[in-house]
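# Observations on the three-dimensional arrangement
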Amino acid sequence: MSQIQSSEPAPLDKLRHSCAHVMAQAVQELFSGTKITIGPAIENGFYYDFDSPHRFSVDDLAKIEKRMLEIVKGNHEFKRFELTKEESRTYWAQRQEPYKVEILEGLEGPVVSHYTHDTFTDLCRGGHSENTRDIRHFKLLSVAGAYWRGDEKNSMLQRIYGTAWFSKAELDAYLTQLEEAKKRDHRKLGQELDLFSIQDEAGPGLIFWHPKGGLVRKIMEDWLRAELLRRGYHLVFTPHVMQLKLWETSGHTGFYAENMFSPIEIEKTKYQLKPMNCPGHILIYKSALRSYRELPLRLAELGTVYRYEKSGVVHGLLRVRGFTQDDAHIFCRPDQIESEAAACIDFAKAALKKFGFEKFKVELSTWDPLTPKNYAGAAQDWARAEGALVNTLNRLGIPFVRMVGEAAFYGPKIDVKLVDAIGRAWQLTTVQFDFNLPQRFGLEYVGADGQRQQPLMVHRALWGSIERFFGILIEHYAGAFPFWLAPVQMKILTINSELASYAQEAAHSLKERGLRVEVNDGADTLGAKIRNATLQKVPVLAVVGKREKEALSLALRLRGGQDLGAIKNSEIPAKLQELLGSDWN
RNA sequence: GCUGGGAUAGCUCAGUGGUAGAGCACUUCCAUGGUAAGGAAGGGGUCGUGAGUUCAAUCCUCACUCCCAGCUCCA
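Residues numbered from 1 in each chain as written. Chains lettered and ligands numbered in written order. Predicted model: local features only at pLDDT ≥ 70, side-chain atom pairs only at ≥ 80, totals over all residues. Heavy atoms only, no water.

### Brief notes about the domain arrangement of chain A
Short version of the rule: The source of the domain bounds is an automatic or database domain assignment. When checking whether two residues touch, look at their non-hydrogen atoms; a contact exists if any pair is within 4.5 Å. Put simply, buried area is the surface a 1.4 Å probe can reach on two separate parts but cannot reach once they are joined, added for both. Think of a salt bridge as a Lys or Arg side-chain nitrogen and an Asp or Glu carboxyl oxygen that are within 4 Å of each other. Two N or O atoms count as a polar contact when they lie within 3.5 Å, although within protein this holds only if one can serve as hydrogen donor and the other as acceptor, and sequence-adjacent residues are included solely when both atoms are side-chain atoms. Counting from the N terminus, the helices are the DSSP runs of H or I reaching at least four residues and the strands are the DSSP runs of E reaching at least two. The residue classification treats Ala, Val, Leu, Ile, Met, Phe, Trp, Tyr, Cys and Pro as nonpolar and Asp, Glu, Lys and Arg as charged. All others, Gly included, are polar.
Each domain of chain A was delimited in the assignment, giving domain 1 (2-181), domain 2 (190-477) and domain 3 (490-583). Placing a centre on the C-alpha atoms of domain 2 and another on those of domain 3 gives a separation of 42 Å. Contact with domain 2, which involves 5 residues of that partner, is made by 5 residues of domain 3. Both sides together, the interface formed by domain 2 and domain 3 hides about 380 Å², and carbon and sulfur atoms give 53% of it. In terms of surface lost to domain 3, no three residues of domain 2 exceed L193, K212 and I219, which account for 73% of the buried area on that side. On the surface where domain 2 and domain 3 come into contact, there are 0 salt bridges. Our count for the domain 2 to domain 3 interface comes out at 1 residue pair in polar contact (both at pLDDT 80 or more). Looking at which element gives the most residues to the side of domain 2 that touches domain 3, the answer is helix α7 (residues 211-230), with 3 residues. Among the residues forming the side of domain 2 that touches domain 3, the class breakdown is 3 nonpolar, no polar and 2 charged.

Below, the structure written as structure tokens:
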């Protein structure tokens, strides 16, 4: 059932929602005492939430599917009928479906619609297939917990997820896609390619960057630092622990406490591990009397922060407890706010595009005027800040979704989200407007008229965090990093042991010319060496045999299979540059 | 944090109330091979941690830690 959908759902959504009804029927038949709640169509499928004395396991799914197939083959029509709310309440109360009774409370209008097929009826706004025979190609996927009405204060229901399609081909394609997504899971690839690890002995959500992952990170950071300097930022470094009272001034102990590690006490003074970089940059701003001529002052830091995340939410590189933000704080005059916000968005586009991302979703997160106590600052400041961000987005012609109540405690923000290989959306870029911290810290600059003024602040991170962005990159490229980003760009493989010294010499000379080259001169056969290097997704394989040695060359093969034949060592960089184009650097 | 499922060699996993096994990886030896796994031998595990039941626990019970799926929350 779904009472919150718009009037006419898409045909595929109708099919999926109908499939959810059929599943609910099967579940209620097979597991007595099961109460139904809601079961909408979702992207790629559907779910239904049940309250049941039975604990559903993956093994139950096959049983439920079998019964569903029988129901579907019964060629039952989906029939709509209406009851007044009062009639409906009686109906559901008699059937002992308390969740349906509760849903009714929230519905408007004198009558509510119901849908029936075979023996099953649901309170439902509708949008259904005509007949159960339309539902042929479905599969139940998983069982999980879900809070009633999505509120963690409510009881936990059991949710069964499934997928349904018009044709078998579409269903199979979707299931194959799920398999493919699993293969490019960054946690799996991170281990297989020896990029990073998370160690039980060290703690959850804390990342160890291995040599190869560290090298990719170094390349990412080099690109970013160069771009920061080119765009008028200053690079700074600030301490990881600072006195707790600084965080009281900033408001973090009040508004952000539940996300912070506990303070550390030393010599009777409390220190706080930093959850954000802003106060550090503010102290640098305050270290001198600033002139309006210095603004905008853009302070950037690859700043490592630590945040307490609930144990159930840490996830590979994508949700961690210690991470490095590509952070910056821009101190500016009120008349500069829109141009600075626009420059941030331009920078963000460049930073994502460089890594192969073209598509993303933009959200404008605003405060919720109904709960002002969750935010710092006055209503008119929030309105003004929001107006500035809306103007910027409109002027750039960027479509966005407004997210009420999603703002940071100190100001509204523009967020950019990317969708990963498995369809999850992850927040990366954030551009946040802040009129609050400048006030709390008493920031000033001397205006053209010699009067002290208060600057405004823009917080921004482009990749969000290097860990998260790296995780998404691994999945995006399925571990096959483009040549310029690959930790090992070329692997030289010897045919027999007599070629080891020539291979080392060739590697040395290519390294001198800036290529990241490794040699495999071990005892494996050539076939095994090729297989290993291929599994490591090395972009260029270079085979050395007697012929190549005599011609001072290497026989190159690109990832993907393109055979370049033997090329003289001295000509290799130029040849690769020519072939690889934008992947070269 | 919540619901459910897990934790056995570096990795992927099998297995049993009488203290363990495979494949890959690793080491050594043989082989010197031309584009996705050459052959042989060997080393390696307090079976996540701590209690309990038992003559005996990797296996059964409980607690904890961590991991996985989802929910809630977030960069």
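### A short note on the layout of surface pockets
Stated precisely, the cut-off is as follows: Lining residues are defined by having an atom within 4 Å of a point belonging to a cavity or pocket. Those points lie on a 1 Å grid over the protein atoms alone, cavities being sets where a 1.4 Å probe fits but cannot get out and pockets being open sets with protein on both sides within 12 Å along at least five of seven lines. Grid points are joined across faces, edges and corners, and a volume is the space filled by probe spheres set on the points.
Size it by volume and the largest pocket reaches roughly 1,500 Å³. Y256, R307, E309, K413 and Q427 are the residues nearest the centre of the largest pocket, which is lined by 44 residues in total. Those elements that provide at least two residues to the lining of the largest pocket are β17 (322-332), β18 (361-366), β20 (413-419), β21 (425-434) and β24 (456-461). When residues in the lining of the largest pocket are grouped by element, the largest group, 6 residues, is from β21.

### A word on the packing of aromatic side chains
The relative placement of two aromatic rings is captured by the distance of their centres and the angle of their planes. The condition that has to hold: Two rings from Phe, Tyr or Trp (for Trp, the six-membered ring) form a pair when their centres sit within 6.5 Å of each other. Planes less than 30 degrees apart are called stacked, planes more than 60 degrees apart edge-to-face, and all others tilted. Only protein chains enter the accessibility calculation, which uses a 1.4 Å probe; a residue whose area is less than 20% of its type maximum is buried, one above 50% is exposed, and one in between is partly exposed.
Tallied over the full model, the rule gives 28 aromatic pairs. Pairing W223 with F355 gives two aromatic rings, centres 6.0 Å apart and planes at 85 degrees, and the pair type is edge-to-face. Linking W223 in helix α7 with F355 in the loop between α11 (337-353) and β18, this pair joins segments that are 132 residues apart in sequence. Looking at W223, the relative accessible area reads 17%, which means it is buried.

### Some details on the nonpolar core
What counts here: Only buried residues count toward a nonpolar core, which is a set of Ala, Val, Leu, Ile, Met, Phe, Trp, Tyr and Cys residues joined through side-chain atoms within 4.5 Å.
Counting 67 residues, the largest nonpolar core has M220, F355, W463, F469, F470, F481 and L485 as the members making the most contacts within it. With residues near it in sequence (within four places) discarded, F470 still touches L195, F196, W209, G213, V216, M220, L317 and F481. In this structure, L15, F31, V72 and F138 belong to the second largest nonpolar core, which totals 40 residues.

### As for empty space enclosed by the protein
Enumeration over the complete set of coordinates arrives at 1 cavity of 30 Å³ or more. Of the pockets and cavities examined, the largest cavity occupies roughly 70 Å³. Lining of the largest cavity is provided by R225, L228, L235, V236, F237, A300, E301 and L302. Within the residue set of the lining of the largest cavity, elements represented by two or more residues are α7 and β16 (297-306). Here the lining of the largest cavity takes 3 residues from β16, the largest share from any one element. Per-class residue counts for the lining of the largest cavity are 6 nonpolar, no polar and 2 charged.

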